[in-house]
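Spelled out, the chains give:
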Amino acid sequence: MSASTLIPTVAIEEDFRERAHEALADTQLRNNFRSAMDSLMTKRAASFSDAHEREHLRALGNAVRARALSKLPDLLQQLEANLTRNGVQVHWAETVDQANEIVMSIARRRSARQVIKGKSMVSEEMEMNHVLGAQGIECLESDMGEYIVQLDNEKPSHIIMPAIHKNAGQVADLFHEKLGVDYTKDVDQLIQIGRRVLRQKFFEADIGVSGVNFAVAETGTLLLVENEGNGRMSTTVPPVHIAVTGIEKVVENLRDVVPLLSLLTRSALGQPITTYVNMISGPRKPGELDGPEEVHLVLLDNGRSQAFADSELRQTLNCIRCGACMNHCPVYTRIGGHAYGEVYPGPIGAIITPHMVGLAKVPDHPSASSLCGACGEVCPVKIPIPALLRRLREENVKAPDASPRIMRGQGSKYSRKERLVWNMWARLNSSPTLYRVFLKAATRLRGLTPSNVGPWTQNHSAPKPAARSLHDMAREHLAKKSGDPR
Amino acid sequence: MSELFYNAVPNATRVAPPLPTPRQYPSHKPRKVYLFGTCVVDLFFPEAGMDAIHLIEREGIAVDYPQGQSCCGQPAYTSGYTDQAREVARSQLALFAEDYPVVVPSGSCAGMLREHYEDLFKDEPETLLKVHALAERTFELTEFLLFVCKVQFKDSGAPVKVALHTSCSARREMNTHLHGREMLAQLSNVERIDHSHESECCGFGGTFSVRMPDISGAMVADKTRSLIETGAHQVLTADCGCLMNINGSLEKQKQALRGQHLASFLWQRTGGQQ
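Residues numbered from 1 in each chain as written. Chains lettered and ligands numbered in written order. Predicted model: local features only at pLDDT ≥ 70, side-chain atom pairs only at ≥ 80, totals over all residues.

K.L.:
Give a description of the overall build of chain B that names residues and reports values.
P.N.:
When its secondary structure is counted, chain B shows 14 helices and 8 strands. Taken against the 2.2 N^0.38 rule, which gives 19 Å for 274 residues, the C-alpha radius of gyration of chain B at 20 Å falls within 12% of a compact globule. Oriented by its inertia axes, the alpha-carbon framework of chain B measures out at about 60 × 45 × 40 Å. Here chain B, with 274 residues, has 53% of them falling under the buried criterion. (Helix = DSSP H or I, 4+ residues; strand = E, 2+ residues; numbered from the N terminus. Rg over C-alpha atoms; globule rule 2.2 N^0.38 Å. Buried ≥ 20, exposed ≤ 12 C-beta atoms within 10 Å, placed from the backbone.)

Here it is in structure tokens:
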């Protein structure tokens, strides 16, 4: 066995850089993302035209989420009790395997052959399409963007707009090739084609699957926002509805939903509200004409409780999945969502994925940021994303056996050599004598600066120190001014 | 709008924290200030540091440059080497003993002093008192000139077109991103031209530029293209990290355009010697 198979993190790390490198060279992809993100940023800005109102609302959103997380265990129990009272069956899953098993057992009991899905990122965490497919159950995406990526055997590249990496021409080619329809680049016509295919599937499906935007503890209500109506179809037409969600999505009461909903739709797409806001409060009751016979909720942990355990990292769980951080991220805008290689891309992905898959599997994600702060500036619930990225870098470089153990895969970038370099750097910069010796050497020997300084000279000319340092110039200037040598 | 909803449902637990008030500036000029030059200025752009000193001195304020200073600690801090950053930060904390303002000709280093030293020393209550006092009297150069010195510049230069790049720290930590514009607007012969995606990062990010050279390179390529497209004669910025990144990239691309620190530009345009 070679050394490289023993240290899997090395290969994975190169994967991210390799994928980013390829994405950066793809002009079509770069243009698709740039124009899509520019448009989303403009829409968001327009929908928050009053800066004072926006900041007030963000502070409120943060306070609501922080309060919910501060009593998360209690709220989850209250949610379960109230959902159960409403006739919803609640299931708990610590891992994605457990969550899939729960879904499978319902499918087996119902002898299900076809599943229709509304958009759900948690189902992406579970790779539900793949798992059900392997058991011979067809799992079809009904969100137009999700449908497009599924048709092309891809994964979503954005949490809100899964097919944002494609332009209309690429979708036209795909539909023409896969569905055998006449070629058209007209967006309205393309959507009509997709809708015709899906409409029939809603009536054939044995189970409808959806995500959840907010699970309301006080009333036992599952709130789901969407723009296409496929969410309402998926949750009401099939005889069984299974909602899957993360344990952090719970809020205390319906009043809490008001500011969060406003923040979500405006931050995501610049919409005052989505076309559909579904509030699901149980299965069909006797005498009612429609609605599913059974409603299930699967509450998934998948690493969230690890983030929950640390007061700083817990803020990761404030997230309401609007995607504004990626829309505003200069890195995401350039490399797109697929380069991250995980379910959640962009800044939120970089801080949440390490809890789900372990830091060792995504060691480069926290470093893939200039810490420009654009993500934190727009986050509707004020997650300090740059601070959390930095914190994960700290977890990444500490010794793998360091205690306390904060997270799975910590220390995956630990390097004795690099630590030694930073120790020397710290020594140099905290000793005035050493630092001045360094300055003297650097300025005197400036002519010797090599023309190739590793990765820096990939994008820049070689840096050349000045002939004299500011230390020297300032000392001389101030001595001249005061008349006495210092 | 949100007030409407929330006043309708009174509930003490849902009151949002108050919004931070804008920074209050001293009403009088101090007698003396410290200049924290920053390591990048020290080694690569010392003339920018000297021009900052000249600008402050012209306002009748004495400048002290503590010779014990080096770096604010940011490179280690953002790389996750928190202990090493703390060691350097501690040595810098000791240098500014008198109660004079500390002026920094760089948004990101000023942001480090003002925003992040608190995190470094969060477990040391006594040091934290010093940290808070230092944060309170730390000023980025442009805010110091504009709001403490209340500078009024008189332009003595030939007509020129400039593009202004603002660092992310100036924009998002120090809230000084509009100050450069305001000072340039005082110069009658200077035309400032906006560039596309002005608020976007230039791609420097400290060690990010060498850890992720592909992504950082794509960012600086886009930034320099936007700057070149303005047709400006010169790029200005108040942050030497960005300056090193942008100038290094322009030079590598063999472009004629170059960036200059805002302090040097302001000094040269208003009667100072080059």
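K.L.:
Any details on the sheet that holds strand S8 (residues 250-251) of chain A? Residues and values, ideally.
P.N.:
Taken in spatial order, the 4 strands of this open sheet run S8-S5-S6-S9 (chain A), and their pairing is mixed. Each having just a single partner strand, S8 and strand S9 (276-280) of chain A make up the two edges of the open sheet. (Pairing = 2+ DSSP bridges.)

K.L.:
Give me the domain arrangement of chain B: which residues, what numbers.
P.N.:
All names here are of chain B. With domains assigned, chain B is organised as domain 1 (32-147) and domain 2 (153-269). The C-alpha centroid of domain 2 is placed 22 Å from the C-alpha centroid of domain 1. With 29 residues of domain 1 at the contact, the number on the domain 2 side is 24 residues. Among the elements of the structure, helix H2 (39-44), helix H3 (46-58), helix H4 (74-78), helix H6 (107-120) and helix H8 (141-148) are those that each provide at least two residues to the side of domain 1 that touches domain 2. (Domains from an automatic or database assignment. Contact = placed C-beta atoms within 7 Å.)

K.L.:
Which residues make up the pairing of strand S4 (residues 207-210) of chain A, and what values go with them?
P.N.:
All names here are of chain A. Where burial is concerned, the two faces of S4 agree: the one with Ile207 and Val209 and the one with Gly208 and Ser210 are both buried. With 3 bridges joining them, strand S2 (residues 114-117) and S4 adopt parallel strand pairing. Looking at S4, one finds that Ile116 is bridged to Gly208.

K.L.:
So what about the interface of chain A and chain B? Which residues, and what values?
P.N.:
Contacts between the two partners involve 62 residues from chain A and, on the opposite side, 58 residues from chain B. Tallying contributions element by element places helix H4 (residues 51-70) of chain A first for the side of chain A that touches chain B, with 9 residues.

K.L.:
Any details on the environment of Ala462(A)? Residues and values, ideally.
P.N.:
All names here are of chain A. Mapped onto the fold, Ala462 is located in the loop between helix H22 (456-459) and helix H23 (470-482). Taking the C-beta count within 10 Å as the criterion, Ala462 has 14 such neighbours and is therefore assigned partly exposed. What Ala462 contacts, discounting residues up to four positions off in sequence, is Thr449, Pro450, Ser451, Val453 and Thr457.

K.L.:
Give me the nonpolar core: which residues, what numbers.
P.N.:
Counting residues in hydrophobic clusters, the biggest one holds 206 residues, and the most contacted among them are Val298(A) and Val103(B). Setting aside chain neighbours within four positions, we find Val103(B) in contact with Val33(B), Tyr34(B), Leu35(B), Ile56(B), Phe139(B), Leu141(B) and Phe144(B). (Core = buried A, V, L, I, M, F, W, Y, C linked by C-beta atoms within 7 Å.)

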